[in-house]
Every structure is written in structure tokens, then in C-alpha cells.
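Here's the letter readout for the chains.
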Amino acid sequence: MTTDVRPLAPELWDLYFDRLARAFGWPASAPEDRELWRQLTETERSLTAWDGEELIGTAGAFSFRMTVPGGAPLAVSGVTMVSVQPTHRRRGVLTAMMRRQLDDFRARGESVAILTASEPAIYGRFGYGVATREMSGTVDTTRVSFAVPEEGRRVRFRLGPAAAALDACEAVYAQVVAGRPGMLARQPGWERKPVLDPPADRDGATELLCVLAELDGEVRGYARYAVKPQRGAGGSESVVRLKDLEALDPAVGAALWQYLADIDLTSSVAFRNRPADDPLVHLVSDLRRCRLGWRDGLHLRLVDVGAALSARTYTCPVDVVLAVEDPFCPWNSGAWRLSGDAEGATCERTTAPADLAVPVRDLGAAYLGGPTLRAMAAAGTVRELRPGALREASAAFHGDVEPWLPHGF
Ligand SMILES: CC(=O)SCCNC(=O)CCNC(=O)[C@H](O)C(C)(C)COP(=O)(O)OP(=O)(O)OC[C@H]1O[C@@H](n2cnc3c(N)ncnc32)[C@H](O)[C@@H]1OP(=O)(O)O
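Every value quoted in this text rests on a predicted model; they were computed, and no experiment measured them.

Each value, and the rule that gives it
Residues numbered from 1 in each chain as written. Predicted model: local features only at pLDDT ≥ 70, side-chain atom pairs only at ≥ 80, totals over all residues. Helix = DSSP H or I, 4+ residues; strand = E, 2+ residues; numbered from the N terminus. Rg over C-alpha atoms; globule rule 2.2 N^0.38 Å. Buried ≥ 20, exposed ≤ 12 C-beta atoms within 10 Å, placed from the backbone. Contact = placed C-beta atoms within 7 Å. Arc of directions from axis to C-beta. Pairing = 2+ DSSP bridges. Axes fitted to C-alpha atoms, helices over the stretch in contact; angles between N-to-C directions. UniProt positions renumbered as here; feature names shortened; annotations may be inferred. Near = placed C-beta within 6 Å. Nonpolar A, V, L, I, M, F, W, Y, C, P; charged D, E, K, R; others polar.

## A short note on the overall build of the chain
Reasoning step 1: The helix and strand inventory of the chain stands at 10 helices and 19 strands.
Reasoning step 2: Its C-alpha atoms give the chain a radius of gyration of 23 Å, within 12% of the compact-globule value 22 Å for 409 residues.
Reasoning step 3: Dimensions along the principal axes, computed over C-alpha positions, put the chain at roughly 65 × 55 × 35 Å.
Reasoning step 4: Out of the 409 residues in the chain, the part that is buried amounts to 41%.
Reasoning step 5: Here the contacts in the chain between residues at least 6 apart in sequence split such that 75% fall between residues at least 24 apart.

Rendered as C-alpha cells:
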């Protein structure tokens, strides 16, 4: 079979979205959901794959700006809406679309591509590494208390529908983005995604609520949540489903957790995506009753190794030659000399002997300062070629803030 990959014609958007939904096995989308995706789609960056007259594959990309360690927000490609029809799977259609996408990203001068995966096993072969983790958990709030600092007792709360508090939340969010690698500056329209709350998707829970946390009259944090009644549990076992929580001060964050734990007639707070270094783990009286788990978050690929590694800073001085292995994007393969520190960096081609051999996938995983090169060396994928180079590079790449993205796309 020959696969014809071409850009999405704008008038075919409904077909594109219907084929995507069918490949994912989604039930019919709520109209507001569909409209939002229509508006967010960057048609000129969306690809379609065809078998003759039949649309058999979809793959989109968003133009995001992502926080990277120490650097200015970086223009990145956000890969999305990837699907192949069940009739045409395992014949290389995805591979053809990935090939075209990465060539396009390179031509656009975007040095990094990111995605959140439906299944983590799909994207490693295309050079994506797992750069962030998402922490999930269910806190037994009948047994767990929170250590709220004194200042947190001055926090005042205001509660209402999430959509009504959007502007206040966005003002807080905008201040949080720069402090954590992996976060995306909000593009127009994206602020509506976290408050999209079609009744059909509530699964028996309340509407999405937002509690604003004010300190000295100023909104300094928020939590968006719904309450899911537990049927037949005597009326006091409902679950607080936390969607997101952001705070500009430690005391405000702690006060928000305590607020969630104290909601009457509920006995737990459940969340699916918090950073792995969430202060929660230091606030709770009993970590074992939080039932924490982790999963892969952002998958990241270096499209242009030299430009990407020059665009971030490094925790300590580093001067190493990396032998990059990248069979899918061979323009990255070969030796690169990375010199940098906390002020900036350069990464250029070199003929010098290599200090470390690194698959591009591992370089992507380490890029935001989360997983360490040392851990990957322990797994045997990164190889030290000059004694001492691993310690130097691993310490330089690693950051003191866990990279994280609070939402999918
Ligand atoms: C960013 C996002 O949008 S993530 C969303 C991804 N989409 C989905 O999960 C929707 C449902 N699934 C699908 O649409 C398809 O099965 C896809 C897109 C995952 C794969 O498409 P295909 O055209 O079948 O992939 P293709 O034939 O190019 O396979 C390439 C390789 O990936 C492997 N692969 C494909 N899908 C998977 C998977 N789900 N898990 C593990 N490996 C996979 C194939 O076995 C193949 O390996 P090989 O080269 O060693 O033989």
C-alpha cells in the first residue's frame, strides 16, 4: 500500500475529526467540545493520510511556547490528534506521518517536539523520550491532615462555577508557567479547555467548581474540582475530584489542600496529574494513606539537537562531547560539543572524540531536567566513553524543579 500524506484541507475538518474520534473509540463529542477543537486546530499544520479516496490517518501539531530550564520560552511543536483507521493499522501509516511531521518541524525551525501519548510504547521508536512524570493519588482525608503554615490561616476562599472564575485563574496560571520546565504559555483559546465541562462527561459528579484563594485581598491560588457522590455509602463517602490546583505562595497551596480535605460529607481527594515534587508529599501527616502513583507525562523529541541544547541553561558548568544516535532523524546523528553553565550554552558540531554516547530519545527525556542521564546509563542506554563525563553531564542537565505539564493537548 502507498500512503499519500498531505495537509488537511480546511473544509475537511469535520471528516478529519470524525475519523480521529472513530480511531480512538470516542463516543460522540459534546458540541462545545467539538467546537473548541475546531477552533484550536491549526489546519495548516494538520496532516491527513489517504489510501486512494479514503482518509485513513490524521496527525496535527500545535504551535506552543514551552518553559525550558533557565532559558527563554521555546517555540515547540505539540503533536496531537494522531490516528490511523482500524482497517489500515500496522502497515506503516503512522510511520509515514511521523516522517513527514518531523521533516516539517525541522523546516519550520522548531527544535523540539512534544506530545502526551495515548499509549507510552508508541513513540520511543520515533525518538521521543519521557521527560515528565504525572503523579496521581487518592488521599484518605478521614485519616490525613495537612501542615498548613500560620500564614495559610489568613487565606479567604470564594467558591463558584469554574467558568465564572476563569480570568482570576488565568492570572495566577500566567505567573506559574515560567517557574516550571514543561509548562506551556497559554495560547488564545486554550484557557477554555480546563473549564470545558459538558454534563455528559461528568460521570455523575457535580459541575466543575472553582475555589479562589485570597491572601490580603489578592487572588493567590485556585483549585478546580467536582464532587462525586458514592452511592450507597451512607452519604459521607463522596470523593473530591481535583482537576487542577495552582498557588503562588506555599501557605496558599497548603490552605487549598486543607480546604479540599475539609469539604463536608467527603472522605477522599483524588487527583490524576500533579508534579512529582508536589508540596503535597511534605504537607500530609500520613503518606501511606495517599495511595500515590506515577505515569509518563510529556514525551519530548529533539528535532534539532544543536539548537535545542543551546536553548536551555545548565545547573553547573559542563563541557562534553555527545555522540548522538538518531536513526529516524539522521541529521542529528554524530558528535556535538555542549559547553554551558547557568548563564547559557552553545552546542555545535565537532570532530573531537566523544565523551558520552546518547540515543536521541534519552537526550529528549533529560532535556527538561527531570530523568537523569545517570539513571539512563544505569539502564545501559547512555554510555560513558570518558571517565567523569557522565557525572558532569548528568549533574548539569538535572534541575531542582520537576518538569511537568498540568494538562494534555
Ligand atoms: C499524540 C497522540 O495523538 S497519541 C494518540 C495515538 N493514537 C491512538 O492511540 C489511536 C488508536 N491507535 C491508532 O490510531 C494506531 O494504532 C496508531 C496511530 C497508534 C499506530 O498506527 P499504525 O499505522 O498502525 O502504526 P505503524 O504501522 O506505522 O507502526 C509503526 C511501529 O509502531 C508499532 N506500534 C504501532 N502502534 C503501537 C502501539 N499502540 N503500541 C506499541 N507499538 C505500536 C508498530 O508495531 C510498528 O512497529 P515495527 O516498526 O517494529 O513493526
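## So, helix H10 (residues 389-397)
Reasoning step 1: Of the residues making up H10, those classed as buried are Leu 390, Ala 393, Ser 394, Ala 396 and Phe 397. Angularly, the buried residues of H10 cover 165 degrees about the axis, an arc narrow enough to put them on a single face.
Reasoning step 2: Of the surrounding elements, those touching the buried residues of H10 are strand S15 (318-325), strand S18 (356-359), helix H8 (360-366), helix H9 (373-378) and strand S19 (383-384).

## Let's talk about the sheet that holds strand S11 (residues 238-247)
Reasoning step 1: The seven strands lie next to each other as S8-S9-S10-S11-S12-S7-S13, forming an open sheet whose pairing is mixed. The open sheet has two free edges, formed respectively by strand S8 (156-161) and strand S13 (293-296), since each of these has just one partner strand. On average, adjacent strands in this sheet sit at an angle of 25 degrees to one another, irrespective of strand direction.
Reasoning step 2: The strands touched by helix H4 (residues 166-177) are strand S9 (209-215), strand S10 (218-228) and S11; relative to S10, the strand with the most contacts, the crossing angle is about 110 degrees.
Reasoning step 3: Set on the sheet, helix H5 (residues 250-261) makes contact with strand S7 (133-140), S8, S9, S10, S11 and strand S12 (266-274); between it and S10 the angle comes to about 25 degrees.

## Let's talk about the UniProt feature "domain: N-acetyltransferase" (unreviewed entry) in the chain
Reasoning step 1: Under the feature "domain: N-acetyltransferase" (unreviewed entry), the UniProt entry names residues 3-149.
Reasoning step 2: With 26% helix and 33% strand, the stretch residues 3-149 has end C-alpha atoms that lie 60 Å from each other.

## Brief notes about the site of the ligand
Reasoning step 1: The local shell around the ligand holds 22 residues, among which Val 82, Arg 89, Leu 94, Thr 95 and Ser 118 are the closest.
Reasoning step 2: Looking at the shell around the ligand, the elements with two or more residues in it are helix H1 (13-24), strand S4 (74-84) and helix H3 (93-108).
Reasoning step 3: A total of six residues in the shell around the ligand trace back to one element, the largest contributor, which is S4.
Reasoning step 4: Looking at the shell around the ligand residue by residue, the class counts come to 12 nonpolar, five polar and five charged.

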